[in-house]
Amino acid sequence: RAKQEGRHGARFFTPEMQASSARNLQLLNALRSALERDELTLHYQPQIAAGSRRLIGAEALLRWRHPELGLVSPAEFIPLAEESGLILSIGEWVIRTAARQAESWRQAGFPPFIMAVNVSAAQFKQPELPELVADILHEVGLPAEYLELELTEGVAMHNPQGVIAMMAQFHERGIRMSIDDFGTGYSSLSYLKKFKVYKLKIDQSFVRDLTSDQEDKAIVAAVISLAKSLGLKTIAEGVETVEQLDYLHQQGCDEMQGYLFSKPLPAEAFTDWLRAHAEPASSGD
Ligand code: C2E
Ligand code: MG
Ligand code: MG
Ligand code: MG
């Protein structure tokens, strides 16, 4: 934000802001070559059915290991990638890598699950995105039904008319869409009805204090009930305790994702997790 304001001339810069924009500049320069230097990788976090506790999906989460700076949080570098346009090439890499990994797990005979991939505002503004995604699926051999794209509520509501048109195109191609971080933006319910989405992801900020905060309880119950009446599924993010799980399950939340089940894992560790939690289909389970 400090950087954005800087473009428009003199603004108030505290030393802290200057330091942070110097770091941003350094990160942005390094990010330009992160892809070719093989510094980006995906971690995968299980998504679990509340009732059966079976694996339903996995969310692909981007990680950047800078040789000197170490692990940089996506919360820090994704906004830079968005602002600079780098997110287009990085985002394409993410979709291809996640789809390829999903197909490789499918080929290994694990019970099928959906690969969920985050897409940014800039990606979703590209009219050719649906075709690009379809091409990638074709290239790696993953059927469309095994991919889901997560779009944040903020992005969806920023340009609802454009988003409705894009969602219809993904829908036509059999690619699922969900609304991420639901509850943090300002959803217009009339738009929600027109979006071709199948799932709402309840933001983790409502889950964190769920068992002690009456307001969070009420919000979560309302979101689940809203989703049900619109025919949408719900998944809660950031589930860390059995108490949260129990409340969510009792309210009718369909799926859970969080440290209670697993942290996001590198592909090899996720394979081990699959071996331990989901027997290959061929073993006759
Ligand atoms: P998100 O899509 O809402 O992802 C959920 C975040 O919650 C992830 O943070 C995940 O590691 C974290 N999380 C999962 N379970 C728990 C839990 O039980 N407790 C707590 N405290 N946190 C949990 P992460 O990996 O740092 O990603 C942050 C955000 O960066 C994501 O939020 C998403 O908006 C963005 N992001 C990550 N990967 C990508 C990507 O490939 N493309 C785009 N455009 N954005 C991405
Ligand atoms: Mg997400
Ligand atoms: Mg989220
Ligand atoms: Mg989030």
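In this report, the structure presented in the accompanying data block is examined. (Residues numbered from 1 in each chain as written. Chains lettered and ligands numbered in written order. Predicted model: local features only at pLDDT ≥ 70, side-chain atom pairs only at ≥ 80, totals over all residues. Heavy atoms only, no water.)

1. Examining the packing of aromatic side chains
This structure, assessed with the given rule, holds 8 aromatic pairs. Taken together, a centroid distance of 6.0 Å and an interplanar angle of 45° make the contact between tryptophan 105 and phenylalanine 113 tilted. Phenylalanine 113 gets classed as buried once you look at its relative accessible area, which sits at 8%. A centroid spacing of 4.8 Å and a plane angle of 40° characterise the contact between tryptophan 105 and phenylalanine 270, whose relative ring orientation is tilted. Residue tryptophan 105 is located in helix α4 (residues 87-107), and its partner phenylalanine 270 is located in helix α13 (residues 267-277); the two are separated by 165 residues in the primary sequence. Each member of the pair, tryptophan 105 together with phenylalanine 270, is buried. An aromatic cluster is present here, built from Tyr44, Trp105, Phe113, Phe270 and Trp273 joined pairwise through their rings. In this arrangement the basic side chain of lysine 263 is found over the ring face of tyrosine 259, its NZ or CZ atom lying 4.6 Å from the centre. (Phe/Tyr/Trp six-rings, centres within 6.5 Å; stacked < 30°, edge-to-face > 60°. Buried < 20%, exposed > 50% of the residue type's maximum accessible area, 1.4 Å probe, protein only. Helix = DSSP H or I, 4+ residues; strand = E, 2+ residues; numbered from the N terminus. Lys NZ or Arg CZ within 6 Å of the ring centre and 35° of its normal.)

2. Points about the environment of alanine 122
Along the chain, the position of alanine 122 falls in helix α5 (residues 121-124). Look at alanine 122 and you get partly exposed, because its relative accessible area is 23%. Between the C-alpha atoms of alanine 122 and glutamate 83, which are 39 residues apart in sequence, the distance is 8.6 Å. When sequence neighbours within four positions are dropped, the list of residues in contact with alanine 122 reads Glu82, Ile87 and Leu88. (Contact = heavy atoms within 4.5 Å.)

3. Focus: the coordination of the magnesium ion (ligand 2)
Glu59 (OE), Asn118 (OD1), Glu150 (OE) and Asp180 (OD) make up the full set of protein donors to the magnesium ion (ligand 2), lying at 2.0 to 2.2 Å. A distance of 4.0 Å spans the gap from the magnesium ion (ligand 2) to the magnesium ion (ligand 3), which aspartate 180 bridges by coordinating each metal. Separated by 59 residues along the polypeptide, glutamate 59 in strand β2 (residues 55-66) and asparagine 118 in strand β4 (residues 114-118) bring together distant segments of the chain. Overall, the relative accessible area of 30% leaves asparagine 118 in the partly exposed class. (Donors = N, O, S within 2.8 Å, 3.2 Å for Na, K, Ca; no water.)

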